[in-house]
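# Remarks on the overall topology
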Amino acid sequence: MGNPAIFEKVISHCKEYGFVFPSSDIYGGLTAVYDYGQNGVELKNNLRSYWWKSMTQLNQNIVGIDASIFMHPKVWKASGHVDGFSDPMIDNKDSKKRYRADVLLEDHQEKIRLKIEKELEKAATRFGEGFDEIVFKQTNSRILEYQKQVDHIYTVMREGLEKGDLAMIKELIVAEGIVCPLSGSRNWTDVRQFNLMYSTQMSATDSGEDSLYLRPETAQGIFVNFLHVQKTSRLKLPFGIVQTGKAFRNEIVARQFIMRMKEFEQMEMQFFCKPGTELEFYEFWKAHRLKWHKTLGTPDSKYRFHEHVKLAHYANAAVDIEYDFPFGFKEVEGIHSRKDFDLSKHEEYSGKKMRYFDSETNESYIPCVVETSIGLDRLFLLAVCEAYSEEEVNGDTRTVLKLHPAIAPVKAAILPLIKKDGLPELAEKIYNDLRMDFNVYIEDKDSIGKRYRRMDAIGTPFCITVDHDSILQGDVTIRHRDSMEQQRVNIKDLSKILNDAVNMNCLLKQLL
Ligand code: GAP
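Residues numbered from 1 in each chain as written. Predicted model: local features only at pLDDT ≥ 70, side-chain atom pairs only at ≥ 80, totals over all residues. Heavy atoms only, no water.

This part takes up the nonpolar core. In terms of nonpolar packing, the biggest core is built from 66 residues, with Leu47, Trp285, Phe325, Phe380 and Leu381 touching the most fellow members. If one sorts the elements of this core by residue count, helix H13 (residues 376–387) sits on top with 9 residues. Not counting the four nearest positions on each side in its chain, Trp285 is found in contact with Met55, Ile62, Met269, Phe271, Ile335, Val370 and Thr372. Residues Leu105, Ile143, Ile153 and Ile173 belong to the second largest nonpolar core, which totals 26 residues. (Core = buried A, V, L, I, M, F, W, Y, C linked by side-chain atoms within 4.5 Å. Buried < 20%, exposed > 50% of the residue type's maximum accessible area, 1.4 Å probe, protein only. Helix = DSSP H or I, 4+ residues; strand = E, 2+ residues; numbered from the N terminus. Contact = heavy atoms within 4.5 Å.)

Right under this line is the structure:
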């Protein structure tokens, strides 16, 4: 169930507490480009590190690489991005605004779906207890009409996109009377394909001969290094190669905060296996990746699989892991069985044999690939949306990020109760002891209550308060973020208490 009001709060919270800022904000920002602040970068690093360790450290047959963003232009010809990585776009002649044609149609469908919801709500109030939603949906003429319209849009849009018949898409937009959200007019251009890759120049001259693309996905860096890694690692099939890094797409309809950005980060794995075994590994990775997501503490009901009905010509299975964001279920990660498409294409375009010699069967073949591809920024958004909560405490609202302690930006705050009597000095000593192993924070400003609230807001799992008894008895009060329970513990036990809760092993162990 969507909750747009909460989403607005999450966005403001991210800005107010140093998680995410609009890029170049002092100049008015840059559409769909964001910067991570002091807390955001820690959370993002922790998420990346958890993914990386779970892939490489836990699997002997998976290794990582770090390929360049710039790649030979032929890579993108071979991968199909030059010819096929585009969206159908339409411009409104009055507002001069460009839209993705399929998104305009999807938004229109959504509006009709909302009308259905409204009819259902009205009927539920009218009929009370005895209201049967299923029967009502099947019999109410207005709802049936709306549903017919939704289905019609879907069918025609799908047919048009499949056939590449852009005139058909334009006709549908006109027939549905869709207006530009800005100008309110129906004065549309034709629909055209618009490539999503950004290009730039390798050299100082801009003759155009040496133009390059900023990579739109990290996956190709893995494919082109397949032979190097296989030879130098001496890995036998099946094995995987992972990488994380920036990708760039000229998303026209960039929206929903860091959900759809022009510059974003991916974490991808290509798992190479013997042809004929790929669907088995596809099933394995599908289940394993969902399990990975759930280790972060998100309830099962917040995830679902979305199986692709229409597969790309090179795939024999594909699924998205979707999360129930405040604006509805949306893709976070894709798992695709890509057969031997990518390596075959690189063999064709580079003239190099992209084969694996199987010493057991004495044959050479192009391996098949199962890909897992997750957007780090989307995962970040998921983590923050899931963790954000508001609670009533003594007539006050406490905003707390209930992040898993292993991914929380700051692990503990050390807070001397007052700024005298040796308390700051003892706090400093505790801080110095802990900072070697944990990202800890020390603060003596404001009341203890205010300091607790600030730590709750950034998701710090523990607050350690140093008081007069600490000096006399060598113990401190440790406050747990979620329960707000306080417990007296010995200073020398602090490191173990923290480690038991925040060590990445807490997450990794759940995957074994
Ligand atoms: N190599 C396969 C690939 O790139 P994709 O579905 O286009 O597949 C994979 O992208 C993941 O990357 C998505 O599931 C999403 O999490 C993330 N992603 C894609 N486009 C994005 C964008 N514009 N902004 C943020 N994340 C994006």
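From this point on, the discussion continues.
Counted by the stated rule, this structure contains 21 aromatic pairs. Look at Phe226 and Phe239: their rings are 6.0 Å apart centre to centre, the planes differ by 5 degrees, and that puts the pair in the stacked class. In this pair, Phe226 sits in helix H10 (residues 226–233) while Phe239 sits in strand S9 (residues 239–248), placing the two residues 13 residues apart along the sequence. For the pair formed by Phe226 and Phe239, the shared burial category is buried. Among the aromatic residues, those joined into a ring-pair cluster are Phe7, Tyr303, Tyr323, Phe325 and Phe327. Sitting above the plane of the Tyr452 ring, Arg479 keeps its charged end 4.3 Å from the centroid. (Phe/Tyr/Trp six-rings, centres within 6.5 Å; stacked < 30°, edge-to-face > 60°. Lys NZ or Arg CZ within 6 Å of the ring centre and 35° of its normal.)

Turning next to the pairing of strand S21 (residues 462–466). Judged by how many residues are buried, S21 sits mostly within the fold: 5 of 5 residues are covered. Side chains Phe462, Ile464 and Val466 project from S21 onto one buried face, and the interleaved Cys463 and Thr465 project onto a second face that is buried too. Examined bridge by bridge, strand S19 (residues 412–416) and S21 share 5 bridges and lie parallel to one another. Along S21, the bridge assignment pairs Ile414 with Ile464. (Pairing = 2+ DSSP bridges.)

Attention now moves to the environment of Glu106. Here Glu106 shows up in helix H5 (residues 101–127). Put simply, Glu106 and Tyr154 are 48 residues apart on the chain and 8.3 Å apart in space, counted from C-alpha to C-alpha.

Let's shift gears to H5. End to end, H5 covers 40 Å across 27 residues, agreeing with the expected 39 Å (1.5 Å per residue, within 8%). By the burial criterion, the buried members of H5 are Ala101, Asp102, Val103, Leu104, Leu105, His108, Gln109, Ile112, Ile116, Glu119, Leu120 and Ala123. Buried residues in H5 make contact with strand S4 (86–91), strand S5 (98–100), helix H6 (133–139), helix H7 (141–163) and helix H8 (166–175). (Expected span 1.5 Å × (residues − 1).)

Taken together, 7 strands build an open sheet; the order of strands is S3-S9-S10-S16-S13-S12-S11 and the sheet is mixed. Looking along the sheet, the strands with just one partner apiece sit at the ends: strand S3 (62–64) and strand S11 (303–307). For this sheet, the mean inter-axis angle between neighbouring strands, taken without regard to orientation, is 25 degrees. Pairing analysis gives 5 bridges linking strand S13 (residues 328–337) to strand S16 (residues 368–375), with the strands arranged antiparallel. Across the sheet, Ile335 pairs through a bridge with Thr372, a residue of S16. The strands touched by H13 within the sheet are strand S10 (263–273), S11, strand S12 (317–325), S13 and S16, with S12 carrying the most contacts at an inclination of about 35 degrees. (Axes fitted to C-alpha atoms, helices over the stretch in contact; angles between N-to-C directions.)

Right, let's get into the packing of helix H2 (residues 38–57) against helix H11 (residues 278–294). Packing of H2 against H11 leaves a shortest axis separation of 12 Å and a crossing angle of 140 degrees. Relative to H11, the element H2 is oriented oblique. The handedness of the crossing between H2 and H11 is right-handed. For the pair H2 and H11, contact is made by Tyr50, Trp51, Ser54 and Met55 and by Trp285, Arg289 and Trp292, respectively. Of the residues in the contact of H2 with H11, the class split is 5 nonpolar, 1 polar and 1 charged. (Parallel < 35°, antiparallel > 145°, perpendicular 65-115°, else oblique. Left-handed = near helix turned anticlockwise from the far one by under 90°. Nonpolar A, V, L, I, M, F, W, Y, C, P; charged D, E, K, R; others polar.)

This part covers unusual backbone geometry. Cis geometry marks the peptide bond from Leu237 to Pro238; its omega dihedral reads -5 degrees. Structurally, Pro238 can be placed in the loop between H10 and S9. Backbone geometry at Lys96 places phi at a positive 60 degrees, although glycine is not the residue there. For Lys96, a relative accessible area of 66% corresponds to the exposed category.

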